[in-house]
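Fold and contact review
One-letter residues, chain by chain:
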Amino acid sequence: MLTCFDELNDPRSHVNRLHIFGDLLVICIMAVIAGADGPQAIGIWADTNQAWLKKHLKLPNGIPSHDTLGRLLAALKPLAFQNCFQAWIQKVAPLEEDAAMNQIAIDGKALRRSHDRSKGLGPLWLVSAWAVDRSISLGQLATEEKSNEITAIPELLDNIEIKGAVVTIDAAGCQREIARKIIDGEGDFVLALKGNQGKLHDSVRDYITEHMENDFADIKVRRYAETLKGHGRVDEITYYHMRAPKELANFDRWPGLRTIGVAIRQSESGSKSSTEVRFFIASIVPGVKKFARYVRGHWAIENTLHWCLDVTFREDENRVRERNTANNMAWLKRFGLSMLKQQDDKYSVAMRRRVAGWNLDYLAKVLGIPVL
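Residues numbered from 1 in each chain as written. Predicted model: local features only at pLDDT ≥ 70, side-chain atom pairs only at ≥ 80, totals over all residues. Heavy atoms only, no water.

For the rest of this paragraph, the subject is the packing of aromatic side chains. The final tally for this structure, using the stated rule, is 5 aromatic pairs. Geometrically, the ring pair formed by Phe280 and Phe291 is edge-to-face, given 5.6 Å between the ring centres and 80° between the ring planes. Of this pair, Phe280 sits in strand 9 (residues 272-282) while Phe291 is found in helix 10 (residues 288-299), placing the two residues 11 residues apart along the sequence. Between Tyr347 and Tyr362 the ring centres are 6.2 Å apart and the planes differ by 70°, which places this aromatic pair in the edge-to-face class. Of the two residues, Tyr347 sits in the loop between helix 12 (323-341) and helix 13 (349-358) while Tyr362 sits in helix 14 (residues 360-366), which places them 15 residues apart along the sequence. With a relative accessible area of 32%, Tyr347 lands in the partly exposed category. Tyr362 sits in the buried class, given a relative accessible area of 9%. Among the aromatic residues, ring-to-ring pairing joins Tyr224, Tyr239, Phe280 and Phe291 into one connected group. (Phe/Tyr/Trp six-rings, centres within 6.5 Å; stacked < 30°, edge-to-face > 60°. Helix = DSSP H or I, 4+ residues; strand = E, 2+ residues; numbered from the N terminus. Buried < 20%, exposed > 50% of the residue type's maximum accessible area, 1.4 Å probe, protein only.)

Now for the sheet that holds strand 3 (residues 136-143). Across the sheet, 9 strands lie side by side as 3-2-1-4-5-9-8-7-6; this open sheet has mixed pairing. Unpaired on one side and paired on the other, strand 3 and strand 6 (222-230) mark the two borders of the sheet. Within this sheet the neighbouring strands show an average axis-to-axis angle of 20°, counted without direction. Pairing geometry for strand 8 (residues 259-269) and strand 9, over 11 bridges, is antiparallel. The residue bridging Ser267 from the neighbouring strand is Ser274, located in strand 9. In the packing of helix 7 (residues 149-158) onto the sheet, the strands contacted are strand 1 (103-111), strand 2 (124-131), strand 3 and strand 4 (166-169), and the crossing angle to strand 2 comes to about 40°. Of the strands in this sheet, strand 1, strand 4, strand 5 (188-193), strand 6, strand 7 (233-243), strand 8 and strand 9 are in contact with helix 10, which crosses strand 7 at around 130°. (Pairing = 2+ DSSP bridges. Axes fitted to C-alpha atoms, helices over the stretch in contact; angles between N-to-C directions. Contact = heavy atoms within 4.5 Å.)

Right, let's talk about the nonpolar core for a bit. It is characteristic of soluble globular proteins that their nonpolar side chains tend to be buried jointly. Formed by 57 residues in total, the largest nonpolar core has its most connected members in Phe5, Ile42, Trp45, Leu53 and Leu367. Taken together, the elements giving at least two residues each to this core come down to helix 1 (21-33), helix 2 (39-48), helix 3 (50-56), helix 4 (66-75), helix 11 (301-311), helix 12, helix 13 and helix 14. Looking at this core element by element, the count peaks at 11 residues for helix 1. Excluding residues within four positions of it along the chain, Phe5 makes contact with Leu25, Val26, Ile29, Phe81, Cys84 and Phe85. Ranked by size, the runner-up nonpolar core spans 45 residues in total, among them Ile106, Ala110, Ile208 and Val221. (Core = buried A, V, L, I, M, F, W, Y, C linked by side-chain atoms within 4.5 Å.)

In structure tokens:
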């Protein structure tokens, strides 16, 4: 594990360095997986398990204090910290040979308790890249406001490998420059359409609605329906996928645009029912089952990433307000979640985290460390 930090610059002052840089980072990773949610908890976990840690790390001056760990997390550059894990991630969960299995969902999430009113700062907003099929966090970028998500996504795309992948983004990321960056990176996109692309959205909606009225008798369309059940709700979803006509508004200004689609979801929960219609543009070739898979996969990011972070890692309750510390802690949680999801056992992610806190041999297994 230590080798992945070789190229990471130690941000600490050269004066009074009592602890090895790599030791501190490994302690932070282990403690977060085992249940710690901030520098103080990391320090307590390390002190509680110092005999075990001394078997694996050098620790020439014993266990670091939580103040030392807090200063390190505040000083680390989040992007450089994340980049150190990319090679390791590729070893842990390499890309699938089937490109259709390499979906990257990009979505934003607020750290709701990270606001600092005394400094006029609202909650930190994080844009995350999630490898849907591998359950791996590929990277994240912090912004001060949700509106900055549009500028954060291109930068995030620059920091991850998208070649051969299909990138799915909600309507906020449906921008021509984002589509261009994905195509230039040799990836494909499926982007949700809403009012922020008013002319294109209206054009796609009108085109599909017009042909739906005569059951698509005049154009070739692919259709697929599925039923999803869970949490007391039944969803009937019908997908339509077709080639994008050149007469669409601004067609020539969208790099790689090949197809358009719609997903119609009819939901029933008890006595309540609702209907949701979502339109999409894509660079993928016509294939409705793959289109449905990408749309469904993007919806699943709420359950596989955001829900786990809130429920298992209690991210929304975390009150760390120092921006770098909050950003680095958020990444440690995403990395920890990624590692826990790679385990092949009968436990849920929440139970795996508990067991990692109770059983150091299980924690070692999660991180691929030999049991001593």
